[in-house]
Amino acid sequence: GVGVIVSPLIALMQDQVVALQQLGVKAAYLNSTLDAASANAIERQMEQGELDLLYVAPERLMTERFLNLLERAPLAMFAIDEAHCVSQWGHDFRPEYIQLSVLHERFPAIPRMALTATADAPTRREILRRLNLEQAGMYVSGFDRPNIRYSISQNQGNAREALLRFIRNEHEDDAGIVYCLSRKKVEQVAEFLSSKGLTALPYHAGLPSAVRQTHQRRFLNEDGVIIVATIAFGMGIDKPDVRFVAHLNMPKSIEAYYQETGRAGRDGQPANAWMMYGLQDVIMLRQMMESSDADETHKRVEHHKLQSMLGFSELTTCKRQALLTYFDDHLEKPCGNCDSCLSPVETWDASVVAQKALSCVYKTEQRFGVNYLIDVLVGKDNARIKQFGHDQVSVYGIGKELDAIQWRSIFRQLIARNLLSVDIEGYGNLRLTESCRSVLRGEETLMLRKETKAEKSKARGRKSKHNIKEEHNALWEALRACRKTLADEHKVAPYMIFHDASLMEMLEARPATPAQFSKINGVGEQKLKKYADAFLQVISQHEDEQVNPIDSEGTVEDTLRLFRTGLDVDAIAAQRDIKPATVYSHLIDSISQGDVELKQVVQLEPKEISLIQDTFLSLADDQHKLKPVYEALDGAFDYDLLRCVRASLN
Ligand code: ZN
């Protein structure tokens, strides 16, 4: 029967279906992008049981027409993807998901499963309840993504430059996603990165849909494209080789952070989750939340989630441990692959300066924003302060030991710890909270993080792409080029041909036969049939070139002239100051042209020559690959000799 997959991600159904078809699965989708004729054709296929999997959006599923179709079709199961959308406690509530309970009412005998990649414990409970799955088995795999390196740093006014440096140092030519909060910022950052020579494309809901589609497609199908996006981008994006996700603003919940950073490194190869945020983000998110017209319950949930995210960002202990704890998962020891673990943050006793900051808020009647408060603390001589008479209050100038940047960091941390709140009126004035009392009274020691200059912190130096060893670079590029050609030919994304991880395995294993090729991870029956030949040829060609690199210096004629005077290969090489391998390649050319006889070049017995020739022919491979012959003869003859003999076969 057919498995019906309910998914809210219409824009991605096509990609998912194409990827499945590549694996030989009979998959299709029904959504508003299809014309009536194609939709009808798919409905007929479904009725006749010709489909394995069908993707459909919840709105369409709910129509009477579709429910009737389901009655007629042979159903195997329902899979509800992105199931957290059914939860109001979750971070991406979609009302139409609630109605999915209709599935079990109308089709009680058909198995159902719900899937999600980001659900904390309360969300999981709500999914079970709303989808009537209380009796179902629950499978929770770990939340840990050990290949992702988490790092969060503070914006000291140079976030764009820091981002550029991060990309240049660690992700030259890599695919990545940069998230920003506003459309305007998306445009600016994309333009900035492009002006620095990177391929960076904007993506946000304000762009025409044709532009959005083109950008998404380029991101999926080309190598090394960076998408700069609002959160409108990426749900369900299944590109495995996204090497970094960068946030230039703070997401509003840990779920959102986990989901967005989770788009990096799906192939299991090393990837970076990099975030930079500042005081302004904290104030803006707080204001957005306070002024939203959601109901009180929802607001409380959002507030709690933002508070958790702020706390997470300011952590000085292992980020991964905290992230996993948030999702009720567990990690025994600090991970060693997050910024806290890699470059521990110093903390300092900030109790006294915190008291100064809090008093300043209090003495100025909780009516001012951060910049004004800092001016008062450092004792600035300006008209506004005089106008309000704040040059006369006891806190005026009591904070001269720190500069404005340091004070901003302290205010940020006080807000993040909920010792100060941001007023809802929208002017950004700060107020004291209940929880600040014990700090203000000196009853609590407050340890804050010591900021380091972003500039000098954690420079890890340039590393080679994908950790490919220098000597493997040429083959790596050749394999990628082969993948790109096949992808263009089949009109699919390169990763749908093979993941980077599979190419890397080819690099290590150097398969020479289809049987060996089939052992590479990611090579199934379908892909073996379709792609093995092309990749095997690339590998064998490369092996040939490695044992005998073609050198552009010198001509065959010069070599041949010296050879005819009786010099051997080494002597010719020495005299011409070229590599012996180059001399060989010239002689091999000459052999295959019939200008020289094989026995003049190689010191082999006639029966040895016949043996090698027979081995080439017996392996019944018209490419006459060297490696199989070398192995078949137990390495008794070196590659140069084999190449010479092979040339004589032409
Ligand atoms: Zn860690």
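Remember, predicted model here, so these are calculated numbers, not experimental data. (Residues numbered from 1 in each chain as written. Predicted model: local features only at pLDDT ≥ 70, side-chain atom pairs only at ≥ 80, totals over all residues. Heavy atoms only, no water.)

**Section: the pattern of salt bridges**
All chains considered together, the criterion is met by 26 salt bridges. Here Glu47 makes a salt bridge to Arg72, at a shortest N to O gap of 3.1 Å. Taken together, the positions of Glu47 in helix α2 (residues 36-47) and Arg72 in helix α4 (residues 64-72) put the pair 25 residues apart, joining distant regions of the chain. Two residues, Asp267 and Arg243, come together in a salt bridge whose shortest N-O distance is 2.9 Å. Separated by 24 residues along the polypeptide, Asp267 in the loop between α10 (254-261) and β11 (271-277) and Arg243 in strand β10 (residues 242-247) bring together distant segments of the chain. Take Asp267 and Arg243: they sit in the same class, and that class is buried. When salt bridges with common partners are traced through the structure, they connect Glu64, Glu71 and Arg106 into a single cluster. (Salt bridge = Lys/Arg side-chain N within 4 Å of Asp/Glu carboxyl O. Helix = DSSP H or I, 4+ residues; strand = E, 2+ residues; numbered from the N terminus. Buried < 20%, exposed > 50% of the residue type's maximum accessible area, 1.4 Å probe, protein only.)

**Looking at the confidence of the model for the protein chain**
The pLDDT averaged across the protein chain works out to 86; a share of 94% of its residues lies at or above 70. Confidence over residues 454-464 falls short of pLDDT 50; this stretch has 18 contacts with residues more than four positions distant or in other chains. Residue range residues 549-553 is modelled with pLDDT below 50. Its contacts to residues more than four positions away, or to other chains, number nine contacts. (pLDDT = per-residue confidence, 0-100. Contact = heavy atoms within 4.5 Å.)

**Section: the sheet that holds strand β8 (residues 200-203)**
Strand pairing within a sheet occurs via backbone hydrogen bonds; the two strands may be parallel or antiparallel. Spatial ordering of the open sheet is given by β6-β11-β10-β7-β9-β8, a layout of six strands whose pairing is parallel. A single partner strand is all that each edge strand has here, and the edge strands are β6 (148-154) and β8. Averaged over all adjacent pairs, the angle separating strand axes in this sheet is 15°, with direction ignored. Here helix α8 (residues 183-195) sits on the sheet and contacts β7 (175-179), β8 and β9 (226-229); the angle it forms with β8, its principal contact strand, is near 170°. (Pairing = 2+ DSSP bridges. Axes fitted to C-alpha atoms, helices over the stretch in contact; angles between N-to-C directions.)

**Side note on the packing of aromatic side chains**
Tallied over the entire structure, the rule returns 20 aromatic pairs. When the centroid spacing of 4.6 Å and the interplanar angle of 5° are considered together, the rings of Phe143 and Phe327 count as stacked. Placement of the pair is Phe143 in the loop between α6 (121-130) and β6 and Phe327 in the loop between α13 (319-326) and α14 (339-342), with a sequence separation of 184 residues. For the residue pair Phe143 and Phe327, the accessibility class agrees, reading buried in each case. With 5.3 Å between their ring centres and 70° between their planes, Phe498 and Phe535 make a pair best called edge-to-face. With Phe498 in the loop between α21 (494-497) and α22 (500-509) and Phe535 in helix α24 (residues 525-547), this pair connects stretches of sequence that are 37 residues apart. Exposure remark for Phe498: the relative accessible area of 1% places this residue in the buried category. Of the aromatic side chains, those joined through ring pairs into one cluster are Phe143, Tyr258, Tyr326 and Phe327. Cation over ring: Lys239 sits above Phe219, and NZ or CZ is 5.4 Å from the ring centre. (Phe/Tyr/Trp six-rings, centres within 6.5 Å; stacked < 30°, edge-to-face > 60°. Lys NZ or Arg CZ within 6 Å of the ring centre and 35° of its normal.)

**Topic: the coordination of the zinc ion**
In ideal tetrahedral geometry, four donors around a metal make angles of 109.5 degrees, whereas ideal octahedral geometry with six donors gives angles of 90 or 180 degrees. Those protein atoms acting as donors to the zinc ion are Cys318 (SG), Cys335 (SG), Cys338 (SG) and Cys341 (SG), and they sit at 2.3 to 2.4 Å. Metal-centred angles of 101 to 117° between the four donor atoms at the zinc ion mark the site as tetrahedral. On the primary sequence, the residues serving as donors to the zinc ion are separated as C-x16-C-x2-C-x2-C. Accessibility expressed as a relative area gives 0% for Cys338, which makes it buried. (Donors = N, O, S within 2.8 Å, 3.2 Å for Na, K, Ca; no water. Tetrahedral: all angles 85-135°; square planar, octahedral: opposite > 155°, others 65-115°.)

**Description of the pairing of strand β3 (residues 53-56)**
Direction of pairing for strand β1 (residues 2-6) relative to β3: parallel, over a ladder of four bridges. Within the sheet, the bridge partner assigned to Gly3 lies in β3 and is Leu53. Both strand β2 (residues 27-30) and β3 contribute to a ladder of four bridges, which runs parallel. Looking across to β3, one finds that Tyr29 is bridged to Tyr55. Following the chain from β2 across α2 to the adjacent parallel β3, one finds a crossover that is right-handed. (Right-handed = clockwise from strand over helix to strand, strands pointing away.)

**Structural notes on the state of the cysteines**
Enumeration over the complete set of coordinates arrives at zero disulfides. This cysteine, Cys436, is not joined by any disulfide, and Cys360 carries the nearest cysteine sulfur, 13 Å off. With a relative accessible area of 3%, Cys436 lands in the buried category. (Disulfide = S-S within 2.5 Å.)

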